[in-house]
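So the chains spell out like this:
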Amino acid sequence: MFSLAMGSIRRRPGRFIATLLSTFLGAAVVMTFGSMLDTAAAPGIDSVGKEALTTAANVVGGYGALLVFFAIASTLTVNVRQRREEISLLRRSGATPAQIKRMVVFEAAAVGIVGSLLAIVPAMIGGEQLLNVFKDSGQVADRVDHVFGPIALSMGASITLLASVGAAFLAVRRATKEAAGGATSRGRAKNVAGFAALLLGAGAVGSTFAIDKTAVALMAAPGYGAILLAAGFAILSPALLRVLLRVLSGPLTLLAGASGYLTVHNMRQRANQLSSVLMPLILFISIATAIFYMQIIENDAAKAAGLTRSSDDKSIQTLNFVIAGIIVIFACIMLVNSLYAATTYRTREFGQQRLSGATPGQVLRMIGLESLILTVFGVFFATLSALAGIVSFSIVRTDTAIPDQSLTIWLVVVGIGAVATMVTSVGTAYRGLRSPAVEAVALAA
């Protein structure tokens, strides 16, 4: 199975590019913050600097592991789905589901190792720049040198490899079941996981009201609550999307004609697949919005009260903005990566639609409508989960349910997500439509 996996990668390396990019970015993020633990463990650093670096590494390490898994899972799911016919052929040729699973897992492990190795040098540079941020904010002494050692390497390699293998196993398990003619439902486990995330998120948000308004950890409960709520909505997004499409079916067909009908039909059929796009979109908008607004509310509240910011306050502010920045960049790239892979996979579908009578313009309008619906859907549930954290934090911290801050940050975050979704989807589809329909169907077969 190992030789078969290596042969598959050598024959068609292009289909592994999206997964390689996800593993590379994930390993780079985890290694960058892991190097803060190496630096904190080096001799000559004071207790204040050590605590700041350790806290940053531990907090972002958790976020990083979650983001790495989501990123790799989304791209691997598309990768395995693209190979449905190959998997069916292997099954008809006598390969067992266990053998196919081992092949795909070996492939993912190999890509994960390569991505981790490629991430070492960028992570070293990123760690050096991150340490400079802590130095500029006065949390770490200027004499402290950056150290990139065994902790960073082991964290990056282990988290990336585990995420790759775990995501590959889950993706190929579903694919082999489909190839064998088994049920294709999402399963009770995912629905339970989605509702569990919503319940845990609601509980975390509710626990905010039990924390003192001056506590340093006040932001943690609503922050984690917003993340869990966003994850719950993302996991349940196929079912929620089908409900929305039933509502929009008539209006879209009436307003957009054939393009509207194609949009509704395709999105109903592909609701499960679209969750790989909605996952990064919802997480990106929700987490970035919640963290930025809560930190600004905290800054304004401290300023209004005339309080002098302590080193702990500065550390938390720096950490929050760094976390938000990393999430914005990583999740946005993950979104573009997932969209590109998912849209490229549909080249054959676009060719078949054109052979059935649809014009390239109608197909492009269909993709544009799909992207618009996905964007509105993702923005709604991301904003809902972010508001849960922001409002609870604002009530406890400032005694007001509606923050005074403007909508500028939200508009910027939503704008980035919307542009990334629309441009990537439509641009990739346009590129695929440049080939003749017969050629597109033949090449993708």
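Quantities reported herein were computed from a predicted structural model and do not represent experimental measurements.

1. Comments concerning empty space enclosed by the protein
Across all of its chains, the model carries 4 cavities of 30 Å³ or more by this definition. Estimates place the volume of the largest cavity at around 110 Å³. Those elements that place two or more of their residues in the lining of the largest cavity are α12 (271–304), α13 (311–344) and α15 (360–398). For the lining of the largest cavity, a count of residues per class yields 6 nonpolar, 4 polar and 3 charged.

2. Concerning the environment of Arg346
Mapping Arg346 onto the fold places it in the loop between α13 and α14 (347–355). The class of Arg346 is buried, set by a relative accessible area of 4%. Look past the residues within four positions of Arg346 in its chain and what remains in contact with it is Asn266, Arg270, Met366, Ile367 and Glu370.

3. Focus on the nonpolar core
Counting 87 residues, the largest nonpolar core has Leu53, Phe134, Leu241, Met267, Phe284, Ile285 and Leu374 as the members making the most contacts within it. Looking at this core element by element, the count peaks at 13 residues for α12. Look past the residues within four positions of Leu374 in its chain and what remains in contact with it is Leu241, Met267, Leu274, Val277, Leu278 and Leu281. Counting 11 residues, the second largest nonpolar core, distinct from the first, contains Ala290, Met294, Ala386 and Ile390.

4. Regarding the pattern of salt bridges
Per the counting criterion, the structure on display carries 2 salt bridges. Between Lys213 and Asp399 there is a salt bridge, with its nearest N and O atoms 3.5 Å apart. One end of the pair, Lys213, is in the loop between α8 (188–207) and α9 (220–235); the other, Asp399, is in the loop between α15 and α16 (408–433), with 186 residues separating them in the sequence. Judged by its relative accessible area of 32%, Lys213 is partly exposed. Note that Glu298 and Arg397 form a salt bridge whose closest N and O atoms lie 2.7 Å from each other. Of the two residues, Glu298 is situated in helix α12 and Arg397 in helix α15; the sequence distance between them amounts to 99 residues. For the pair shown, Glu298 and Arg397 are each scored as buried.

What counts, and where the lines are drawn
Residues numbered from 1 in each chain as written. Predicted model: local features only at pLDDT ≥ 70, side-chain atom pairs only at ≥ 80, totals over all residues. Heavy atoms only, no water. 1 Å grid on protein atoms, 1.4 Å probe; cavity = no way out; pocket = protein on both sides within 12 Å on 5 of 7 lines; lining within 4 Å. Points joined across faces, edges and corners; volume = space filled by probe spheres on them. Helix = DSSP H or I, 4+ residues; strand = E, 2+ residues; numbered from the N terminus. Nonpolar A, V, L, I, M, F, W, Y, C, P; charged D, E, K, R; others polar. Buried < 20%, exposed > 50% of the residue type's maximum accessible area, 1.4 Å probe, protein only. Contact = heavy atoms within 4.5 Å. Core = buried A, V, L, I, M, F, W, Y, C linked by side-chain atoms within 4.5 Å. Salt bridge = Lys/Arg side-chain N within 4 Å of Asp/Glu carboxyl O.

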